[in-house]
Amino acid sequence: ETGVTQSPTHLIKTRGQQVTLRCSSQSGHNTVSWYQQALGQGPQFIFQYYREEENGRGNFPPRFSGLQFPNYSSELNVNALELDDSALYLCASSTDRGNYGYTFGSGTRLTVV
Amino acid sequence: RKEVEQDPGPFNVPEGATVAFNCTYSNSASQSFFWYRQDCRKEPKLLMSVYSSGNEDGRFTAQLNRASQYISLLIRDSKLSDSATYLCVVLSGGYNKLIFGAGTRLAVHP
């Protein structure tokens, strides 16, 4: 059974650029959530996809957008990058919309300069 | 007020010590509760779910008090390998988002 994989592992972007982060969910999982973790803080919920539909969103601006594909993999897109977007971006997958806990990928560390 | 609050620590304890972490949550409609462990610069990993009746997994015991909206984690006989940040997590909302506390850092020393 493969776990959750994210790519790339590290990324450096310039303020104002756009970035796409990718996530392959664990086999059999149909729910994917994205989280942003700034240094010294707990992860913050960005949004969740369940069977290709967004079914929940946290307090993030519209420049954070996402997709889930038929194989339940997912993308997180961030437009007009700001310095404060520098963080660890975590993807987590689950069955049944997370009632039994989520499995996290190892994350993408994004640095905006 | 944060939805999930934890003592940030750090807790510095010797090997073999017993240490307890506490957590409170604000949404009384929260459905499920977890403790996650996060090593430095790594992803969070599920340590254990927390049930109303209390549950134990080896040296780890978790308790939930729904009336007080309080969650705890007890670690007995601490090992060096227990050094990590422990995140209190609540599953909440109609679409089951995970809400994390800021984490409690534990350092176990020889």
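Residues numbered from 1 in each chain as written. Chains lettered and ligands numbered in written order. Predicted model: local features only at pLDDT ≥ 70, side-chain atom pairs only at ≥ 80, totals over all residues. Heavy atoms only, no water.

Trainee: Can you help me understand the overall build of chain A in this one?
Mentor: Along the backbone of chain A there are zero helices and eleven strands. For chain A, the succession of helices and strands along the chain, N to C, is β-β-β-β-β-β-β-β-β-β-β. Compactness check: chain A gives a C-alpha radius of gyration of 13 Å against a globular reference of 13 Å for 113 residues, within 12% of the reference. Counting only contacts in chain A whose residues sit at least 6 apart along the sequence, the fraction spanning at least 24 positions is 54%. (Helix = DSSP H or I, 4+ residues; strand = E, 2+ residues; numbered from the N terminus. Rg over C-alpha atoms; globule rule 2.2 N^0.38 Å. Contact = heavy atoms within 4.5 Å.)

Trainee: Please clarify how unusual backbone geometry should be interpreted in this entry.
Mentor: Negative phi is the rule for most residues except glycine; trans is the rule for most peptide bonds. Put simply, S7 of chain A and P8 of chain A share a cis peptide bond, and its omega is -10°. Across the junction of G9 of chain B and P10 of chain B, the peptide omega takes the value 5°, indicating a cis bond. Residue position: P10 of chain B is located in the loop between β1 (4–6) and β2 (11–14). Even without being a glycine, R41 of chain B presents a positive backbone phi close to 60°. The backbone phi angle of D77 of chain B is positive, close to 50°, even though this residue is not glycine. Relative to the elements of secondary structure, D77 of chain B occurs in the loop between β8 (70–75) and β9 (84–92). On the basis of relative accessibility, which here comes to 37%, the residue D77 of chain B falls in the partly exposed class. (Buried < 20%, exposed > 50% of the residue type's maximum accessible area, 1.4 Å probe, protein only.)

Trainee: In this structure, what is going on with the state of the cysteines? I would like to understand it.
Mentor: Two cysteines form a disulfide when their sulfur atoms are joined by a covalent bond. All names here are of chain A. Summed over all chains, the structure comprises two disulfides over all chains. One disulfide in the model links C23 with C91; its S-S distance is 1.8 Å. Linking C23 and C91, the disulfide has an S-S dihedral of approximately -60° and is accordingly described as left-handed. Of the two residues, C23 sits in strand β3 (residues 19–24) while C91 sits in strand β9 (residues 87–94), which places them 68 residues apart along the sequence. (Disulfide = S-S within 2.5 Å.)

Trainee: Even after reading the chapter, I still don't get the interface of chain A and chain B, so can you show me in this structure?
Mentor: You'll often see interface size given as the accessible area lost when the parts meet. Taken together, the contact pairs 24 residues of chain A with 20 residues of chain B. Between chain A and chain B, the buried area comes to about 1,600 Å², and carbon and sulfur atoms account for 52% of it. Applying the counting criterion to the chain A and chain B interface returns zero salt bridges. Our enumeration of links across chain A and chain B arrives at three residue pairs in polar contact (both at pLDDT 80 or more). When residues of the side of chain A that touches chain B are traced back to their parent elements, those giving at least two are β4 (31–37), β5 (44–50), β6 (53–57) and β9 of chain A. For the side of chain A that touches chain B, the element with the highest residue contribution is β6 of chain A, accounting for three residues. (Buried area = accessible area lost by both parts, 1.4 Å probe. Salt bridge = Lys/Arg side-chain N within 4 Å of Asp/Glu carboxyl O. Polar contact = N/O pair within 3.5 Å; in protein donor to acceptor, adjacent residues only side chain to side chain.)

Trainee: What exactly am I supposed to notice about the sheet that holds β1 of chain B here?
Mentor: Each strand in a sheet pairs with its neighbour through backbone hydrogen bonds, running either in the same direction (parallel) or in the opposite one (antiparallel). Residues and elements named next belong to chain B. Within the open sheet, the five strands sit side by side as β1-β3-β8-β7-β6. Their pairing is antiparallel. Both edges of this open sheet fall to β1 and β6 (55–57), since each of them pairs with a single strand only. Neighbouring strand axes in the sheet, compared pairwise and without regard to direction, differ in orientation by 20° on average. Sheet topology note: the strand β7 (residues 60–65)/β8 ladder contains six bridges and is antiparallel. Residue pairing across strands places L64 opposite I71, the latter belonging to β8. (Pairing = 2+ DSSP bridges. Axes fitted to C-alpha atoms, helices over the stretch in contact; angles between N-to-C directions.)

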